[in-house]
Amino acid sequence: DAGLRVRSVDRKSSLAAAVLYLEADNWQGITALEDEQGNVISTSLVTARAAIESRGFELEGKTQLTDSLLLMANLGVVDAEYTDFAGRGAGQVIGSPVKLIPEYDGNLSLRWQIGGGWFVRGEVTFLGAMPLDAGIRLGFDVDAQDEQDAVEIYGLQACWAPERFS
């Protein structure tokens, strides 16, 4: 990966950007053991029988809007796919998206520093759609590709962080 970070002259704002590229020839995956009817017959099995290629970018910024308000945002976008697979169904797996890797993730938050160590933080987190199994099951239904839809998660926190702990 490669990136850069810039900061405003008044040091109240910053922006960072990075690009990434990864090739892994021993990608680990967690697989549930199933029978021919698709019933789970055991807990999960961790294997390293796949290779992947992943590329993407990340952006991150923050700015001190006032003495007590801090705005932060980040976004990451990833394109990851299987390039090799040692197992049954390899033809259907190679070229498909890597399981449990979302298309994107991001966050937007606003922190209000009240005083005396107290602050309130509101945020929204975005998580893109992601494959849950990419057809990789130990031998049975290799055409299946369950996917989790994109989601947004909203949060509101009231916190206390005294000076010596923050």
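Because the structure is a prediction, the values reported are computed rather than measured.

Asker: Looking at this structure, I do not really get unusual backbone geometry. What am I missing?
Answerer: Leave glycine aside and you will find that most residues have negative phi; peptide bonds, for their part, are mostly trans. Positive phi outside glycine occurs at R11, with the angle close to 65 degrees. On the secondary structure map, R11 appears in the loop between β1 (2-7) and β2 (13-34). For R11, a relative accessible area of 60% puts it in the exposed group. The phi dihedral of L100 is positive, around 65 degrees, even though this residue is not glycine.

Asker: Which parts of the structure should I look at to understand the confidence of the model for the protein chain?
Answerer: It should be kept in mind that the predicted coordinates are not to be read in detail where pLDDT is low. Mean pLDDT over the protein chain stands at 85; residues scoring 70 or higher make up 86%. A low-confidence stretch, residues 137-144 stays under pLDDT 50, and its non-local contacts, those more than four residues away or across chains, total 24 contacts.

Asker: What am I meant to see in the nonpolar core here?
Answerer: Inside soluble globular proteins, nonpolar side chains tend to come together where they are buried. By size, the foremost hydrophobic cluster in this structure holds eight residues: A24, A50, I52, A80, Y82, F85, V93 and V98. The set of elements that each furnish at least two residues to this core consists of β3 (40-64) and β4 (69-85). Sort the elements by how many residues they give to this core and β4 lands first, with three residues. Residues in contact with V98, not counting those within four places in the same chain, are W27, I52, A80, E81, Y82 and P131.

Asker: Before we go on, may I ask you to explain the pairing of strand β5 (residues 104-115) in this structure?
Answerer: Both faces of the sheet carry side chains from a regular strand, because those side chains alternate between them. As paired strands, β4 and β5 are joined by nine bridges and run antiparallel to one another. When the bridges of β5 are listed, V77 appears paired with Y104. Pairing geometry for β5 and strand β6 (residues 118-127), over 10 bridges, is antiparallel. In the sheet register, G106 faces β6, and the bridge partner there is F126. Turn length for the β5-β6 hairpin, with the two strands adjacent in sequence and antiparallel, is two residues, and the turn residue G116 shows positive phi of about 65 degrees.

Thresholds applied
- Residues numbered from 1 in each chain as written.
- Predicted model: local features only at pLDDT ≥ 70, side-chain atom pairs only at ≥ 80, totals over all residues.
- Heavy atoms only, no water.
- Helix = DSSP H or I, 4+ residues; strand = E, 2+ residues; numbered from the N terminus.
- Buried < 20%, exposed > 50% of the residue type's maximum accessible area, 1.4 Å probe, protein only.
- pLDDT = per-residue confidence, 0-100.
- Contact = heavy atoms within 4.5 Å.
- Core = buried A, V, L, I, M, F, W, Y, C linked by side-chain atoms within 4.5 Å.
- Pairing = 2+ DSSP bridges.

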